[in-house]
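Structure at a glance
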Amino acid sequence: MKTAFMATQWQEIRKMRKDPLLLGAIIVILLALILFIIYPLIKVCIVSFQAGGKFSLKNFRDVIVYSNGYYVKAFFNSLWIGIATAFLGTFIAFVFAYSLTRANIPCKKFFNLVATIPIISPPFIGALAIIMLFGRNGFISSTLLGMTNASAYGPKGLLFAQILTFFPVAYITLRGVLESISPTLEDAAMDLGGNRFTIFRKVTLPLAIPGIASSMLVLFIESLADFGNPLVLAGAQFPILSVQAYLEITGMGNFAKGAALAFILLVPSITAYILQKYWVSKKQYVTVTGKPTQSSNNVVSPAARWFLFGASLAIALVIITVYASIVWGALAESWGNSSKITLRNFAYVFRVGWEAVTDTMVIAGLSTPISGILGMVIAFLVVRKVFPGRRFMEFSSMLSFAVPGTVIGIGYILAFNQAPFYLTGTLAILVLNFIFRYIPVGIQGGVAVLNQIDPSIEEAAVDLGADSSKTFRKITLPLMIPAFFSALLFAFVRSMTAISAAIFLVSARWKFMTVQIMNQVESGNIGAAAAFSIILVGIVLVAMVVIKTILRLKYQTTSSILSH
């Protein structure tokens, strides 16, 4: 069996030797994935299991006994917040998605637009808004309710921020799941005498269960990996592991203990990722019938429709209040003290932080197209080609999705701070980090498109004499344009709003907007932080409009991962 496998692999290698460009591309991509994804993780493992140059569990023992189990408490706090975010965020997202896909409520486009706003903003903007609304000088807590000792810090404030930040991710997933369930199944159940609640309980909900489970695991991973909201809101009384790993390295300079904390953070993230990718995703149901999918019956009663409309309106109002407070904070002279309208905060950003704005745009502008093209190439290789290492390429390229940014940041510091890969403090380390961190969405989109394209189209091009490179450029890539631009958009948004890995890699030479926002929040300059956030969201919106305009005018499509 093993001999036959090796013979097959050797046969594939011999085939690829006839196409040296393809062989070269596969080798270069595999080496790049090993160097920029696997190697940093190996360095985290080596440093965490090493003391005095030898294998040791000392770092983990130090973590366990430190300050009467302070880090153990941080670990369980991280799990608790992750699980609560997964359950509550998915529940809210399901209500929102069900209302828009099944209840035929008014203003569906408006609700869809509001739900996508948190995706294009920095992940900690919710934390900033919570301080502005519910903190000591908060508009609601202090101005409206007259509370003098209000505090937005701790588990309640953090959980609220995590749900606000990540529920749109579950919403997009669940909306796609519910739209893929043919309404004719519910029609058939109603024709057989089922009442609306029974149809929901026996037909709709069971078909959506795999999507719900997948969303919960994704939200658990996102919450566990998040760094911005915990850094702003968690505080010393409610430690979170990702923040403690950061403080251990930047505050104490203890790389060994920081790596051990990162390794501990990595275990539940990777476990949830493997469950999501190799177990839950295999249980998706297909309900495509080939018949008209427009429902003829109404599966939601008028009373339930208005209840769901009210729930969706309440969710939308919370989101609008949060972002309105950011706009107001940017324009207010002094948040909590003077509401006089001024542009002083914006003037401060342009005077002091303009370098961070331009640096961020340069870093995102360089990493985005490379990430998008690399994602399409990897998708093409893993779907259309058979070669040794194909499974490894697929797994390692998608691994960035599961690894918390804090772990990636620590891994890059450890891996690239000495010869022959000395990149610390350079533009290259930031660009490379963003390229390999955000290729999974491009790969997912490319794989989904390729699975819908008949391979015989490409085989015809090969039969006519085109090599793999020409076939990809002239045939495959044009068919993948919507997925390509979606990948570009996602990579640009994430590159502009990243914080968890970037905060380890910025330097005096290369500044980053989100790190500047975080610094302003920590120094109590809320107005400047809000102004920075508005400018950042404005840049992202302009990029979205440009990409959607190109898609509409040149390719007659408006497909995007951020809208449906």
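Conventions and cut-offs
- Residues numbered from 1 in each chain as written.
- Predicted model: local features only at pLDDT ≥ 70, side-chain atom pairs only at ≥ 80, totals over all residues.
- Heavy atoms only, no water.
- Helix = DSSP H or I, 4+ residues; strand = E, 2+ residues; numbered from the N terminus.
- Rg over C-alpha atoms; globule rule 2.2 N^0.38 Å.
- Buried < 20%, exposed > 50% of the residue type's maximum accessible area, 1.4 Å probe, protein only.
- Contact = heavy atoms within 4.5 Å.
- Arc of directions from axis to C-beta.
- Core = buried A, V, L, I, M, F, W, Y, C linked by side-chain atoms within 4.5 Å.
- pLDDT = per-residue confidence, 0-100.
- Salt bridge = Lys/Arg side-chain N within 4 Å of Asp/Glu carboxyl O.
- Axes fitted to C-alpha atoms, helices over the stretch in contact; angles between N-to-C directions.
- Parallel < 35°, antiparallel > 145°, perpendicular 65-115°, else oblique.
- Left-handed = near helix turned anticlockwise from the far one by under 90°.
- Nonpolar A, V, L, I, M, F, W, Y, C, P; charged D, E, K, R; others polar.

On a plain count of helices and strands, the protein chain comes out with 26 helices and four strands. For 564 residues, the compact-globule estimate of 2.2 N^0.38 gives 24 Å, and the C-alpha radius of gyration of the protein chain, at 25 Å, lies within 12% of that figure. Along the first, second and third principal axes, the C-alpha set of the protein chain runs to 75 × 70 × 45 Å. Looking at the protein chain as a whole, 53% of its 564 residues qualify as buried.

Attention now goes to the environment of phenylalanine 139. Take phenylalanine 139: it is sitting in helix H7 (residues 139-144). Phenylalanine 139 sits 186 residues away from serine 325 along the chain, and the two C-alpha atoms are 8.7 Å apart. Residue contacts for phenylalanine 139: discarding those within four places in its chain leaves Met132, Leu133, Leu144, Trp328 and Trp335.

This next bit is on helix H9 (residues 183-191). Taken residue by residue, H9 has Pro183, Glu186, Asp187 and Ala189 as its buried positions. Here the buried residues of H9 occupy an arc of 165 degrees about the axis, which is enough to place them on one side. Elements in contact with the buried residues of H9: helix H10 (196-225). Directly after H9, the chain includes glycine 193, whose backbone phi takes a positive value near 105 degrees.

Moving on, we get to the nonpolar core. Side chains that are nonpolar tend, in soluble globular proteins, to be buried together. Counting residues in each nonpolar core, the largest one holds 180 residues, and the members touching the most others are Tyr171, Leu233, Met393 and Phe436. By residue number, the principal contributor to this core is helix H26 (residues 526-555), which donates 14 residues. Beyond its immediate sequence surroundings of up to four residues, tyrosine 171 is in contact with Ala93, Phe96, Ala97, Leu100, Asn112 and Ala115.

Here the focus is the confidence of the model for the protein chain. For any part of a model where pLDDT is low, the fine detail of the predicted coordinates should not be relied upon. Summary statistics for the protein chain give a mean pLDDT of 84 and a share of 93% for residues scoring 70 or more. Of the regions scoring below 50 in pLDDT, residues 288-292 engages in three contacts with residues more than four places distant in sequence or in other chains.

Bringing the environment of alanine 448 into the picture now. Along the chain, the position of alanine 448 falls in helix H20 (residues 439-450). Distance in space between the C-alpha atoms of alanine 448 and methionine 480 is 9.5 Å, their sequence separation being 32 residues.

Turning our eyes to something else, we now look at the pattern of salt bridges. Per the counting criterion, the structure on display carries six salt bridges. A salt bridge links aspartate 62 to lysine 58, with the nearest nitrogen and oxygen atoms 2.8 Å apart. Here aspartate 62 and its partner lysine 58 are both found in helix H3 (residues 58-65), four residues apart, which amounts to about one turn of the helix. Assessed through its relative accessible area of 25%, aspartate 62 is described here as partly exposed. Arginine 494 is the salt-bridge partner of glutamate 222, the closest N and O atoms lying 3.7 Å from each other. Linking glutamate 222 in helix H10 with arginine 494 in helix H23 (residues 481-497), this pair joins segments that are 272 residues apart in sequence. In this structure arginine 494 comes out as partly exposed when scored by relative accessible area, which is 25%.

Direction vectors running N to C along helix H8 (residues 155-180) and H10 enclose 150 degrees, while the axes themselves pass 9 Å from each other. Put simply, H8 runs roughly antiparallel to H10. The two elements H8 and H10 cross, and the hand of that crossing is right-handed. Side by side, H8 and H10 meet where Gln162, Phe166, Val169, Ala170, Thr173, Leu174, Val177 and Leu178 of the first sit next to Thr204, Ala208, Gly211, Ile212, Ser215, Val218, Leu219, Glu222 and Ser223 of the second. Counted by class, the contact of H8 with H10 contains ten nonpolar, six polar and one charged residues.

It is worth spelling out the environment of asparagine 149 at this point. Position of asparagine 149 among the secondary structure elements: in the loop between H7 and H8. Distance in space between the C-alpha atoms of asparagine 149 and glycine 135 is 8.5 Å, their sequence separation being 14 residues.

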